[in-house]
Amino acid sequence: MTGIVYKSTGSWYIVKSEQGHFVECRIKGKFRMKGIKSTNPIAVGDLVDYELEESNALVTGVINKIHDRKNYIVRKSVNLSKQTHIIASNIDIVFLLVTINNPPTTTSFIDRFLVTAEAYGIEAVLVFNKIDTFDEASLDEQLFMQYVYENIGYQCLRVSALDHKGLDTLKALMKDKVSMFSGHSGVGKSTLVNAIEPSLNLKTKQISDSHAQGQHTTTFAEMFDLSFGAKIIDTPGIRGFGVVDMEKSEISDYFPEFFKLKGNCKFNNCLHKEEPKCAVKEALEKEEISWSRYNSYLKILEGDEEHYRTDIYDEERKNNDKSRG
């Protein structure tokens, strides 16, 4: 039998069969994907084959095959640096929820996520949430960030789950697609899903007052069928996003504004650092490329880990203020 994995709890998987039935499945022994050292060999969105088994009067299944994935979103495992964690697979479009203050989303986090989406050929949209909470300074910062990413070619949405602003545009992009919502804990993923599909009634929590960080409400990734012909994968909040398995020479290819210019660099293997006659650095000096994007590129190139820390956010805010002049 064949079905799609709708939920993964680490040891058991909820699979929806082609006939529309949900079956609780497990895997026997070690199940490894070729070339992928992952903490979770099976991810939400995977197309799998399974066999039914009867145990204690309950009908369960055993997964024996994972079909080839067309793509997936992957990051470094939080506790096991040499392993990866596949967040979800077979995605048509991914929405990265961004908040300005509650909690803050750093540009380095955004850029690392976008680089991964570019590497696996997944359309990414930035969703600036909680616009109902903005004061003048927050609005200015959000509009500047939107200006930076729209200039690159990324679609940006401004939404408020509480006031239901911007939801029609979001739903139109989701229709007939498998979508994934991601972002830091507390950016409002579950609240936004509830606003789009109130019948789901996903659990939500308040932001932690002491650290202005979101509390984890979604423990495991889970897919839902929506009433308007869409599927949504809700994911646990991410604090840090480590880029996985990229050669230094290819990282700039996943920055679209860098990729457009690399053919004009003097050297074919230009890393856009100290090399002379570098088209990317020349564009940077002319402010045709964002300094925050270039700084993110250097951090990825140098292998720096990105973690959720307010000191990084404060540093980036200063850099953004400097870019605005």
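An account of the accompanying structure is given in this report. (Residues numbered from 1 in each chain as written. Predicted model: local features only at pLDDT ≥ 70, side-chain atom pairs only at ≥ 80, totals over all residues. Heavy atoms only, no water.)

Here we come to the pattern of salt bridges. Across all of its chains, the model carries nine salt bridges by this definition. A salt bridge links lysine 7 to glutamate 222; its shortest N-O distance comes to 3.8 Å. Taken as a pair, lysine 7 in strand β1 (residues 2-8) and glutamate 222 in strand β12 (residues 222-225) lie far apart in primary sequence, 215 residues in all. On the basis of relative accessible area, lysine 7 is assigned to the partly exposed category, the value being 25%. On the basis of relative accessibility, which here comes to 24%, the residue glutamate 222 falls in the partly exposed class. (Salt bridge = Lys/Arg side-chain N within 4 Å of Asp/Glu carboxyl O. Helix = DSSP H or I, 4+ residues; strand = E, 2+ residues; numbered from the N terminus. Buried < 20%, exposed > 50% of the residue type's maximum accessible area, 1.4 Å probe, protein only.)

For residues that are not glycine, phi is negative in most cases, and the peptide bond is trans in most cases. Note that the residue after asparagine 102, namely proline 103, is joined by a cis bond; omega there is -5°. Residue position: proline 103 is located in the loop between β8 (93-98) and α1 (107-119). Even without glycine at this site, asparagine 90 takes up a positive phi of about 55°. Relative to the helices and strands, asparagine 90 is located in the loop between β7 (84-89) and β8. With a relative accessible area of 17%, asparagine 90 lands in the buried category. The residue glutamate 287 is not glycine, and still its phi comes out positive at about 60°.

Across all of its chains, the model carries nine aromatic pairs by this definition. Taken together, a centroid distance of 5.6 Å and an interplanar angle of 85° make the contact between phenylalanine 255 and tyrosine 297 edge-to-face. With a gap of 42 residues between them, phenylalanine 255 in the loop between α5 (248-251) and α6 (256-259) and tyrosine 297 in helix α8 (residues 291-301) connect regions that are remote in the sequence. Across this residue pair, the class does not change: phenylalanine 255 and tyrosine 297 are buried. Among the aromatic residues, those joined into a ring-pair cluster are Phe255, Phe258, Trp291, Tyr294 and Tyr297. We note arginine 69 situated over the ring of tyrosine 72; from NZ or CZ to the ring centre the distance is 5.7 Å. Lying over the aromatic face of phenylalanine 228, lysine 171 brings its terminal NZ or CZ to 5.0 Å of the ring centre. (Phe/Tyr/Trp six-rings, centres within 6.5 Å; stacked < 30°, edge-to-face > 60°. Lys NZ or Arg CZ within 6 Å of the ring centre and 35° of its normal.)

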